[in-house]
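So you can see what is in the structure, the chains are spelled out below.
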Amino acid sequence: MEIGDWTYEVHPVGDGLDLYETAQSWTPFLSMGHARHAGRALARLHAASAGYDAPARKAGTLVTSFKVFSCDDPWPELARYIEERPALHSYLAKRDWVAETQETFLPLHNRLRKFLPVFQPLWTHNDFHGSNLFWSNSSSEAEVTDIIDVGLADRTNALHDVATAIERNGVEWLEIHNTSRDPLHLEQIEALLSGYEETHPLSRDEAEAVVALLPLVHAEFALSEADYFLRVLKSPEKADLAYIGYFLGHARWFNSNPGKRLLSHLQSWAVSHQGHAAASLAVSEESRK
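Residues numbered from 1 in each chain as written. Predicted model: local features only at pLDDT ≥ 70, side-chain atom pairs only at ≥ 80, totals over all residues. Heavy atoms only, no water.

Trainee: How would you summarise the packing of helix H5 (residues 158-170) against helix H6 (residues 186-197) if you had to cite specific residues and measurements?
Mentor: The geometry of H5 relative to H6 is characterised by a closest axis approach of 10 Å and an angle of 150° between their N-to-C directions. One finds that H5 runs roughly antiparallel with respect to H6. When you trace H5 past H6, the crossing you get is right-handed. Mapping the contact onto sequence places Ala158, Val162, Ala165, Ile166, Asn169 and Gly170 in H5 and Gln188, Ile189, Leu192, Leu193 and Tyr196 in H6. Counted by class, the contact of H5 with H6 contains 8 nonpolar, 3 polar and no charged residues. (Axes fitted to C-alpha atoms, helices over the stretch in contact; angles between N-to-C directions. Helix = DSSP H or I, 4+ residues; strand = E, 2+ residues; numbered from the N terminus. Parallel < 35°, antiparallel > 145°, perpendicular 65-115°, else oblique. Left-handed = near helix turned anticlockwise from the far one by under 90°. Contact = heavy atoms within 4.5 Å. Nonpolar A, V, L, I, M, F, W, Y, C, P; charged D, E, K, R; others polar.)

Okay, here's the thing in structure tokens:
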């Protein structure tokens, strides 16, 4: 509804407790139990979304997507993405953005390319973290009772949502330049993935696709955020934070020692998985129980 200059989204009251009301977004869970139950909730969300075939959203403000790097050749699609956003296009025209984007993302996309056939379209949340969940009680083993803030929902794929959940719950991005503190929460990532796979086990290819996608999963939202800062807030300085610090910076962080450690840890998790056929059989057998 609109009141004056403001537009409000009105929803039914969430079921449960907002345990993360005062938490900084994209920070770790309060407990391992929360991480595990969050993974279970994400799997339930994906099961509920299956079969909903509405088309992907059109280009908009602060909308995540997976249209660029889901292509075998992402560069023409990236150019189209930027051309659809005149303010962003004008901002990037002052930079050698093609060279710096390809230098940063080409090696990452080359790793992802062989897994592109694994991705199956699905409507997903795309902002899955503790602050967007309601909980059954205040204990460390509280279960997820409700999922809120679907403003970034779009037709991507389940693995994109899983990678986003890892990114936004498992790495303290505000601490990545603090050499005295480890920004990784590997045990929570393991708990999240374990909870997810209780009802939605991944194949070896799917698990490796999550690892390959992780350094890229933020990219299109980061560009959308840069466009928002330019077009709505008229702030080139904040656009610099979104483009240089977020779009390029988060991708480049995966070449740092902590970033490499995260990818190595997840790769070990991925190679422990069964082959695609075996995992599919396990899912089929579970669904008949």
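On we go from here.
Trainee: Requested: an account of H5, with residues and values cited.
Mentor: An α-helical turn contains 3.6 residues, so any two residues separated by three or four positions project in the same direction. Counted at 1.5 Å a residue, the expected span for H5 with its 13 residues is 18 Å, and the 18 Å between its end C-alpha atoms agrees. Of all the 13 residues making up H5, 13 are buried; the element is thus mostly covered by neighbouring parts of the structure. With a side-chain oxygen lying 3.1 Å from the backbone nitrogen of Leu159, the N-terminal cap of H5 falls on Asn157. (Expected span 1.5 Å × (residues − 1). Buried < 20%, exposed > 50% of the residue type's maximum accessible area, 1.4 Å probe, protein only. Polar contact = N/O pair within 3.5 Å; in protein donor to acceptor, adjacent residues only side chain to side chain.)

Trainee: Could you give me a rundown of the packing of aromatic side chains, with the residues and numbers involved?
Mentor: To describe a pair of aromatic rings, one takes the distance between the centres and the angle between the planes. Taken as a whole and judged by the stated rule, the model has 15 aromatic pairs. Centroid distance Tyr52 to Trp123: 5.9 Å. Interplanar angle 65°. Geometry classified as edge-to-face. Here Tyr52, found in the loop between helix H1 (32-49) and helix H2 (74-83), pairs with Trp123, found in strand E3 (residues 121-124); they are 71 residues apart in sequence, far enough to count as distant. An aromatic cluster is present here, built from Phe69, Trp75, Tyr91, Phe105, Tyr243 and Phe247 joined pairwise through their rings. A cation over an aromatic ring shows up here: Arg85 above the ring of Tyr81, its NZ or CZ 3.6 Å from the ring centre. A cation over an aromatic ring shows up here: Arg168 above the ring of Phe221, its NZ or CZ 5.4 Å from the ring centre. (Phe/Tyr/Trp six-rings, centres within 6.5 Å; stacked < 30°, edge-to-face > 60°. Lys NZ or Arg CZ within 6 Å of the ring centre and 35° of its normal.)

Just geometry here; none of it tells us what the structure is for.
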